[in-house]
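Structural overview
Listed here are the chains, written in short residue letters.
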Amino acid sequence: MLTIFRFIFGALVALKTLQLTARASISTEGGIDLSDQAFLALPLGATVLVCVGFFVLGKGIRLAALAILSGFLVFVFAFDFYNHHTYLIITICAIFALGVSVPQLLKIQLTIVYAFAALTKINETYLSGSELYSSMVQAAVWQAVFRDDPSPKFLMIVSAASIVVEAFLAVALWFARTRGIALVVGLCFHAGLVIAVTGGFDLFADLSIYGGLILALYLPFFQDELDPLVGRRTGSTASVRDAASSPTGSF
């Protein structure tokens, strides 16, 4: 399971690294040109990408995770690029750098994200539907498909429903009976966010990366199902390799 997780996580981190490096390196004032920060951003991005490669390949995982963590801390403090994506990436890298009870800590991290998101939304502003109006109704997809503004009651119901969904996902993944339902709900929830809230390429990229990171954290909850599949595939590959290298396998 962790092999699959490292691959998915590494791919998402690589995309985020390219995005942050480009944002810090390219200036659009008076035309497209390298910014004054490029001298730091370009080698930093290249170094992080190399470390991501080692992480994905399973070479010095703890050191690679620590190096990626350090690189993203530089992005945060030197370029002020803090958001949910960098927080998650830094935290997940810290878990791998620690190297103790990794699957369990990844599960706990996902629960913390969902629980925190649900709790912070329990306020008058969010429940009134005003935040949903600004993020969803005024986005390009809603304006293109529906055009008319929904009723305040509709926005209030959807706002409350989003809190219920995140609270449900924070708990349901821990239980075998509700885990499958949580997977379907989570996939629909994050796909819906990407579609409904997207207002441009940058926001689409941010939401896609963040959603991918969250969904990758579902994998440890399905470790019992994934590990036998990975084991059988690894065993099958090893058997084919052994057969090809044996005297009888060469005919």
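Structure's up top.
What comes next concerns the included structure. (Residues numbered from 1 in each chain as written. Predicted model: local features only at pLDDT ≥ 70, side-chain atom pairs only at ≥ 80, totals over all residues. Heavy atoms only, no water.)

1. Notes on the overall build of the chain
- When its secondary structure is counted, the chain shows 12 helices and 2 strands.
- Each helix and strand of the chain, placed in order from N terminus to C terminus, yields the pattern α-β-β-α-α-α-α-α-α-α-α-α-α-α.
- Principal-axis analysis of the C-alpha atoms places the extent of the chain at approximately 75 × 55 × 35 Å.
- In the chain, which comprises 251 residues, the proportion classed as buried is 40%.
- Contacts in the chain between residues at least 24 apart in sequence constitute 67% of all its contacts with a sequence separation of at least 6.
- Here the chain displays about 13900 Å² of accessible surface, and carbon together with sulfur accounts for 70% of that area.
- Across the chain, the mean location of the 14 positive side-chain charges is 14 Å away from that of the 15 negative side-chain charges. (Helix = DSSP H or I, 4+ residues; strand = E, 2+ residues; numbered from the N terminus. Buried < 20%, exposed > 50% of the residue type's maximum accessible area, 1.4 Å probe, protein only. Contact = heavy atoms within 4.5 Å. Areas by Shrake-Rupley, 256 points an atom, 1.4 Å probe, with all protein chains shown as cover. Lys, Arg positive; Asp, Glu negative; His and termini not counted. Charge placed at Lys NZ, Arg CZ, Asp CG, Glu CD.)

2. Topic: the packing of aromatic side chains
- This structure, assessed with the given rule, holds 9 aromatic pairs.
- Ring pairs connect the aromatic residues F5, F9, F55 and F96, which therefore count as one cluster.
- Note that K121 overlies the ring of Y126, its terminal NZ or CZ placed 5.7 Å from the centroid. (Phe/Tyr/Trp six-rings, centres within 6.5 Å; stacked < 30°, edge-to-face > 60°. Lys NZ or Arg CZ within 6 Å of the ring centre and 35° of its normal.)

3. Quick look at the state of the cysteines
- Per the stated rule, a full pass over the model turns up 0 disulfides.
- Among the cysteines around C51, which has no disulfide bond, C93 carries the closest sulfur, lying 9.7 Å off. (Disulfide = S-S within 2.5 Å.)

4. Overview of helix α7 (residues 130–137)
- Turning to α7, its buried residues number three or more, namely L132, M136 and V137. Take α7 and look down its axis: the buried residues cluster within an arc of 80°, on one side only.
- On its buried face, α7 sits against α8 (140–145), α9 (152–172) and α10 (176–197). (Arc of directions from axis to C-beta.)

5. Structural notes on the pattern of salt bridges
- What the rule picks out here adds up to 2 salt bridges.
- Taking the shortest distance from any N to any O, the salt bridge between D206 and K16 comes out at 3.1 Å. Of the two residues, D206 is situated in helix α11 (residues 201–216) and K16 in helix α1 (residues 2–25); the sequence distance between them amounts to 190 residues. Across the pair, K16 and D206 agree in class, each one buried. (Salt bridge = Lys/Arg side-chain N within 4 Å of Asp/Glu carboxyl O.)

6. Details of unusual backbone geometry
- Look at D80: it is not a glycine, yet its phi comes out positive at around 60°.
- The residue D80 is located in the loop between α3 (61–79) and α4 (84–98) in this model.
- Within the chain, S101 stands out as a residue other than glycine whose phi angle is a positive 50°.
- Taking the relative accessible area as the measure of exposure, S101 reaches 48% and is therefore partly exposed.

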